[in-house]
Amino acid sequence: MMNYYKTTYKYQLVMVLFVLFALQSCSDFLEQEPGSQTSITEQLSTKKGILSALNGTYGSLEANVRGERFAVYADLQGGNLKFTPTITGNSRGQITIPINLENVYSFQDQALDSDFTTFYDESYDVINQTNLILEYVDALPDASDVEKKQIKAEALAIRAYSHYLLSLIYSQAVGNTSPDAQLGIVYNKKSLSGGITYPKRETLANTYSLIIEDITAALDNFSDKSLLAGPSYSFFNSINTKALLARVYLSKNDWQNAFATANDVILNSEVSLTPTENYISQWEQTNVPIAENLLEFSIPRDSGGEVGGSLSSYFGYFSNTNYNKYVASQDLLGLYESTDIRKQLFLVKALPTLINGVFVNVNYSFTKKLQDNPGYSAFRLSELYLIRAEAAFELGNLETAKNDINTIRARAKATLLTTTDNLEQALLLERRKELCFEGHLFFDLARRNKSVSRNDGCLSLNCSLDYPSPKFVLPIPRKNINLNSNLQQNESY
């Protein structure tokens, strides 16, 4: 009976993923007359078809990282976020945990019905899409070698990035245990067109090696620009792929390579830090990312240019009767000095809140980073300065670390460091203030082997999480374990 179930499921899964791939990747696929739909083989046999597929893969990736679960995860778990009161209905004025993250928020996610099942499945769907592209691109009869290499480069970068995000969620950060003894993730380099296999999870060391291998291959293939239409900052290129590589090296505790790669991006990207006088206004501008952005995935729009979804769905304020769920906690707000211009990146609004049965107007701080149709910012230059600073600190080059931190602090008009004392704490503090709401805090705490402490607005029975803990990672969804006996579950799940 189980074999029959597995066989049936395999067939259904292949068909569903193929159909999803076609629907998500090829807008003209939907416009054909019934009975004339194009097969995957036909679709990927021309340059036009494969570029449509690549564009669709970017769309799938954007939707996955923009989804509520991943978009708020690191800041929510780390303590940068709290919740607004309910606007209408019987629970008006009450503050509740969003249902999509109820178990995760309390560090009590369940393998049987994980809050992150969708993220897990869609990540591997994106990876399958990149694998299909990579399997067909070399045979294109109507693309030049340079064009084929560019398509490969972007697909490889997307594959590496998707695996890296999975490793953050499902693999413990490098700690006292050797990465050779830690569990990584399943690294998938073949599409489902060749049939379903039942792979084991790689070690964490092998996971990082495979991610770096894909990134290195991508860097060997990039040309001057993407073949896709749209803003250049929306696609992987040699510069933002090096930014990804620097972040991977940082996660791997490979300090020498993290320093060298971050330094390369800083010196050779032809992108500069946004100056003090433009910093706030650039975050406040509509539809365009801050100028120091290295990669921001384009949000979906219809034929009339109307937005189909953005991060304002979770962080936006429009009026006192139209606002969304996530605002800054005092745990974060209290870290900024009075002179720090980054305090101006918060929109403070008094909202009616039910306290002891009485409505009271309470101030809530919405981030200005994520108003007015914001896309998901994957990398910007500020992070590279902080990566270089951390790597320099670990390599014993304390003055360089201090100077890089001060570069970010000076731009913000914060007090400059005058000594190299307590640099690790200063690094974490600066990353938290500068990169808030960009998906770093919880992963930074895990990476630095630090505990979580959430105070302001915490609704969970578990407001703290001591390092080390198995709850720094989420469970592999049970349905995936049931279908693959080689897939080892994370500890405590």
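Residues numbered from 1 in each chain as written. Predicted model: local features only at pLDDT ≥ 70, side-chain atom pairs only at ≥ 80, totals over all residues. Heavy atoms only, no water.

**What about the packing of helix H14 (residues 381–394) against helix H16 (residues 423–434)?**
Two elements in contact, H14 and H16, have axes separated by 11 Å at closest approach and are oriented at 170 degrees. Judged by the angle between their axes, H14 and H16 are roughly antiparallel. With respect to the hand of their crossing, H14 and H16 are arranged in left-handed fashion. Listed contacts from H16 to Ser 382, Glu 383, Leu 386, Ile 387, Ala 389, Glu 390 and Phe 393 of H14 are Leu 423, Glu 424, Leu 427, Glu 430, Arg 431 and Glu 434. Taken together, the residues that form the contact of H14 with H16 break down as six nonpolar, one polar and six charged. (Axes fitted to C-alpha atoms, helices over the stretch in contact; angles between N-to-C directions. Helix = DSSP H or I, 4+ residues; strand = E, 2+ residues; numbered from the N terminus. Parallel < 35°, antiparallel > 145°, perpendicular 65-115°, else oblique. Left-handed = near helix turned anticlockwise from the far one by under 90°. Contact = heavy atoms within 4.5 Å. Nonpolar A, V, L, I, M, F, W, Y, C, P; charged D, E, K, R; others polar.)

**A word on the pairing of strand E6 (residues 346–355)**
Relative to strand E7 (residues 358–367), E6 runs antiparallel, the two sharing ten bridges. In the strand pairing of E7, Phe 346 is matched with Thr 367. In sequence, E6 turns back onto E7 through a hairpin of two residues, with Asn 356 there showing a positive phi of about 55 degrees. (Pairing = 2+ DSSP bridges.)

**A short note on the state of the cysteines**
Counted by the stated rule, this structure contains one disulfide. Across the disulfide from Cys 458 sits Cys 463; the S-S distance is 2.0 Å. The sign of the -105 degrees torsion about the S-S bond sets the Cys 458-Cys 463 disulfide as left-handed. Classification of Cys 458 by relative accessible area gives buried; the value is 17%. (Disulfide = S-S within 2.5 Å. Buried < 20%, exposed > 50% of the residue type's maximum accessible area, 1.4 Å probe, protein only.)

**What about helix H9 (residues 238–251)?**
Counted at 1.5 Å a residue, the expected span for H9 with its 14 residues is 20 Å, and the 20 Å between its end C-alpha atoms agrees. Buried residues dominate H9, accounting for twelve of its 14 residues. You can read the cap of H9 off the contacts: a side-chain oxygen lies 3.0 Å from the backbone nitrogen of Ile 239, and it is on Asn 237. Looking one or two residues past H9, Asn 253 carries a phi angle of roughly 60 degrees, positive in sign. (Expected span 1.5 Å × (residues − 1). Polar contact = N/O pair within 3.5 Å; in protein donor to acceptor, adjacent residues only side chain to side chain.)

**Structural notes on the pattern of salt bridges**
Think of it this way: side chains of opposite charge can pair up when their charged atoms draw near. For the structure on display, the rule yields 32 salt bridges. Of the charged contacts in the structure, one is a salt bridge between Arg 409 and Glu 337, with a shortest N-O distance of 3.5 Å. Here the residue Arg 409 occupies a position in helix H15 (residues 398–412), and Glu 337 occupies one in the loop between helix H13 (330–333) and E6, the gap between them amounting to 72 residues. Looking at Arg 409, the relative accessible area reads 8%, which means it is buried. Note that Arg 448 is salt-bridged to Glu 424, the shortest N-O span being 2.8 Å. Note that Arg 448 is positioned in the loop between helix H17 (441–447) and strand E9 (452–453) and Glu 424 in helix H16, a separation of 24 residues in sequence. (Salt bridge = Lys/Arg side-chain N within 4 Å of Asp/Glu carboxyl O.)

**A few points about the side chain of Ser 123**
Residue placement: Ser 123 occurs in helix H6 (residues 117–136). Within the structure, the side chain of Ser 123 is placed 2.8 Å from the backbone oxygen of Phe 119, a separation counted as a polar contact. Beyond its immediate chain neighbours, meaning those up to four positions away, Ser 123 contacts Asn 64, Ser 162 and Leu 166.

**Considerations on the packing of H15 against H16**
Where H15 meets H16, the closest approach of the two axes is 11 Å, and the angle between their N-to-C directions is 30 degrees. It follows that H15 is roughly parallel to H16 by the angle criterion. Helix-helix and strand crossings are classified by hand; for H15 and H16 the assignment is left-handed. In this structure, H15 uses Leu 398, Ala 401, Lys 402, Ile 405, Ile 408, Arg 409 and Arg 411 to contact H16, whose residues at the interface are Leu 423, Ala 426, Leu 427, Glu 430, Lys 433 and Glu 434. Split into classes, the residues belonging to the contact of H15 with H16 amount to seven nonpolar, no polar and six charged.

**Considerations on the confidence of the model for the chain**
The predicted model of the chain averages 92 in pLDDT, with 92% of residues at 70 or higher. Considering only residues more than four positions removed or in separate chains, one finds that residues 1–36, a stretch of pLDDT under 50, has 44 contacts. (pLDDT = per-residue confidence, 0-100.)

**Here we look at a nonpolar patch on the surface**
Residues Ile 355, Val 358 and Val 360 make up a contiguous nonpolar surface patch of roughly 220 Å² in combined accessible area. Residue position: Val 358 is located in strand E7. (Patch = residues over 30% accessible without salt bridge, like charges linked within 9 Å, V, L, I, M, F, W, Y side chains within 5 Å. Areas by Shrake-Rupley, 256 points an atom, 1.4 Å probe, with all protein chains shown as cover.)

**Regarding the environment of Tyr 336**
Here Tyr 336 lies in the loop between H13 and E6. Beyond its immediate chain neighbours, meaning those up to four positions away, Tyr 336 contacts Arg 342, Lys 343, Phe 346, Arg 432, Lys 433 and Cys 436. A polar side-chain atom of Tyr 336 sits 2.8 Å from the main-chain carbonyl oxygen of Lys 433.

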